[in-house]
Amino acid sequence: MNKVAYILLSLVMTAMTVKAGDETCTDSVGGSRYGLGLDMRPAYVVPSNGYVEGDNAVGKPIDKSLSAYMKFSFTLDPKSRLGKMYPDAYQGIGIGFTGFADARDIGTPFSVYAFQGAPIARLNNRLSLDYEWNFGASFGWKKYHEDKNPSNGAVGSSTNAYINLALMLKYRLNRNWYLSGGLDFTHYSNGNTDYPNSGINLIGLRMGLVYMLNSSRGNSVYSPSNGFEPHFVYDVALYCAARKCGFTHEDTRYLIPGRFGVLGLNAGPVYRFNKYFGLGASLDLQYDEGANIGEYYEPNSRPEDPRFYRPPFAKQFGAGLSVRAEVTMGFFTINSGLGHNVVYKGSDLDGFYQMFVLKTFVTPKLFLNVGYKLLRFKDPGNLMLGVGYRFNGSW
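Read on for a plain summary of the structure. (Residues numbered from 1 in each chain as written. Predicted model: local features only at pLDDT ≥ 70, side-chain atom pairs only at ≥ 80, totals over all residues. Heavy atoms only, no water.)

**A short note on unusual backbone geometry**
The peptide bond linking Y195 to P196 adopts the cis configuration, its omega dihedral lying at 0 degrees. In this fold, P196 is placed in the loop between β8 (177–189) and β9 (200–212). Phi angles above zero are rare outside glycine, and D251 is one such case at about 65 degrees. Secondary-structure assignment places D251 in the loop between β12 (246–249) and β13 (252–255). The phi dihedral of R376 falls on the positive side, at around 55 degrees, and the residue is not glycine. (Helix = DSSP H or I, 4+ residues; strand = E, 2+ residues; numbered from the N terminus.)

Have a look at this one:
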């Protein structure tokens with residue numbers, strides 16, 4: 001993940017908070033609604049690395065892609081607690097395929113993902129401005145291989161994370177059919193679990209058509225609060241990951257074979273101003289067995305096959321403080337943080353870090369924690385895969 005994904009996530013989180021002041025109507029009553037959708041997404045490939053800029057087997061820029069996505073969605077039952085609070089939110093699962101022009105050494109990946117969206121603002125009784133995010137995994141990439149596929153310097157894994165954000169206008173054609181169109185942003189990367197990890201970024205258009213299997217039966221006015229009272233919640237999350245590391249020897253950068261384990265803990269309060277938006281802080285503890293390892297290189301070993309002494313614990317442990325902002329919609333919460341280690345030793349743990357986390361509540365208090373940590377706004381960090389628990393509150 002890089003600065004492009006960081007900016008896009010921040011923009012969409014800001015846009016989503018506009019929804020908190022919306023006091024419009026929803027036309028869903030009497031149970032969940034279900035939909036089948038199809039998206040077409042022509043896109044421009046952002047020239048973010050040498051491979052897509054033309055340093056590839058074809059010898060020219062890879063600047064175009066076309067994707068097709070099929071998805072199944074549902075709304076929350078408006079009679080339920082969450083349905084009353086978020087009557088316009090929809091979520092579901094989907095599958096998509098992406099092809100790249102002039103990219104025979106990158107493959108035609110397909111993605112499996114979860115998604116959620118909702119109106120940011122209603123422009124009239126048929127037209128709304130919506131957001132939608134997708135998060136999942138993409139498969140079928142032709143990854144880099146020093147002998148079989150040496151020109152692919154962007155993708156180091158056959159399986160990569162898939163992140164997508166969209167802002168679009170949605171128009172209700174009739175009681176069952178909806179047409180949408182807007183801007184679409186996509187990021188593929190392996191979360192620094194393998195090398196290379198330059199990733200692929202797409203910016204383009206989205207054109208969609210959705211058929212609702214059960215039509216609405218009228219309008220019901222809802223309150224933007226639905227009985228919600230501002231309050232503090234306290235989240236604790238434990239996560240782990242594995243990541244690749246490199247080191248520098250005599251001004252040459254080398255990749256270290258294998259992967260290094262990461263174990264972390266985030267804990268802190270969030271003040272929920274309303275049912276959508278919260279601000280807080282977090283204590284962030286992390287042990288990374290690859291941190292500062294380059295300082296302990298055994299000089300008698302070859303850099304192509306390096307050996308290292310084990311660094312002391314203090315050189316691989318960091319304790320930091322971060323400010324957090326999060327947006328909640330149903331049982332999904334998107335959390336973004338900016339922090340700095342206050343207890344650390346060694347240059348690898350110095351500097352600011354950024355965190356992006358999706359919390360999926362499987363019970364009112366227990367959630368799955370899936371995220372990514374970026375270092376100094378540009379350097380790859382590590383995935384954050386784990387579980388968490390919420391005190392003094394629920395979804």
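**Digging into the packing of aromatic side chains**
Per the stated rule, a full pass over the model turns up 27 aromatic pairs. Relative to Y162, the ring of Y69 has its centre 5.9 Å away and its plane inclined at 20 degrees; by these criteria the two rings are stacked. Remark: Y162 occurs in strand β7 (residues 159–172) and Y69 occurs in strand β3 (residues 64–75); sequence separation between them is 93 residues. Considered together, Y69 and Y162 belong to a single accessibility category, that of buried residues. Taken together through their ring pairs, the aromatic side chains of Y69, Y90, F100, Y113, F115, W141, Y162 and Y188 make up a single cluster. If you follow R41 out to its NZ or CZ, it ends over the ring of Y69, 3.7 Å from the centre. Its guanidinium or amino end placed over the ring of F115, K71 lies 5.3 Å from that ring's centre, counting from NZ or CZ. (Phe/Tyr/Trp six-rings, centres within 6.5 Å; stacked < 30°, edge-to-face > 60°. Buried < 20%, exposed > 50% of the residue type's maximum accessible area, 1.4 Å probe, protein only. Lys NZ or Arg CZ within 6 Å of the ring centre and 35° of its normal.)

**Looking at the sheet that holds strand β5 (residues 107–122)**
Strand order in the closed barrel formed by eight strands is β2-β3-β4-β5-β6-β7-β8-β9, with antiparallel pairing between adjacent strands. Geometrically, the sheet is characterised by an average inter-axis angle of 25 degrees between neighbouring strands, direction not taken into account. (Pairing = 2+ DSSP bridges. Axes fitted to C-alpha atoms, helices over the stretch in contact; angles between N-to-C directions.)

**As for the pattern of salt bridges**
A complete count under the given rule lists 20 salt bridges for this structure. Linking R206 and D39 is a salt bridge whose minimum nitrogen-to-oxygen distance equals 3.6 Å. Of this pair, R206 sits in strand β9 while D39 sits in strand β2 (residues 34–45), placing them 167 residues apart in sequence. By the burial criterion, R206 is buried, and D39 matches it. (Salt bridge = Lys/Arg side-chain N within 4 Å of Asp/Glu carboxyl O.)

**Quick word on the sheet that holds strand β16 (residues 317–329)**
Reading around the circumference, β11-β14-β15-β16-β17-β18-β19-β20 is the order of the eight strands in this closed barrel, with antiparallel pairing throughout. In this sheet, neighbouring strand axes are inclined to one another by 25 degrees on average, regardless of whether the strands run parallel or antiparallel. Bridge count between strand β11 (residues 231–243) and strand β20 (residues 379–391): seven bridges; the pairing is antiparallel. Its bridge partner lying in β20, Y239 is registered against G386.

**Observations regarding the environment of R104**
Examined against the element boundaries, R104 turns out to sit in the loop between β4 (90–100) and β5. Put simply, R104 and K142 are 38 residues apart on the chain and 8.7 Å apart in space, counted from C-alpha to C-alpha. For R104, the residues in contact, after removing those within four places along its chain, are A57, V58 and K142. (Contact = heavy atoms within 4.5 Å.)

**Focus on empty space enclosed by the protein**
Counted under the stated rule, the structure contains five cavities of 30 Å³ or more. Put simply, the parts of the chain that give the lining of the largest cavity at least two residues each are β11, β14 (260–272), β15 (277–288), β18 (352–361) and β19 (366–375). Sort the elements by how many residues they give to the lining of the largest cavity and β14 lands first, with four residues. Classifying every residue of the lining of the largest cavity by side-chain character gives seven nonpolar, five polar and three charged. (1 Å grid on protein atoms, 1.4 Å probe; cavity = no way out; pocket = protein on both sides within 12 Å on 5 of 7 lines; lining within 4 Å. Points joined across faces, edges and corners; volume = space filled by probe spheres on them. Nonpolar A, V, L, I, M, F, W, Y, C, P; charged D, E, K, R; others polar.)

Bear in mind that shape data such as this cannot, by itself, settle questions of function.
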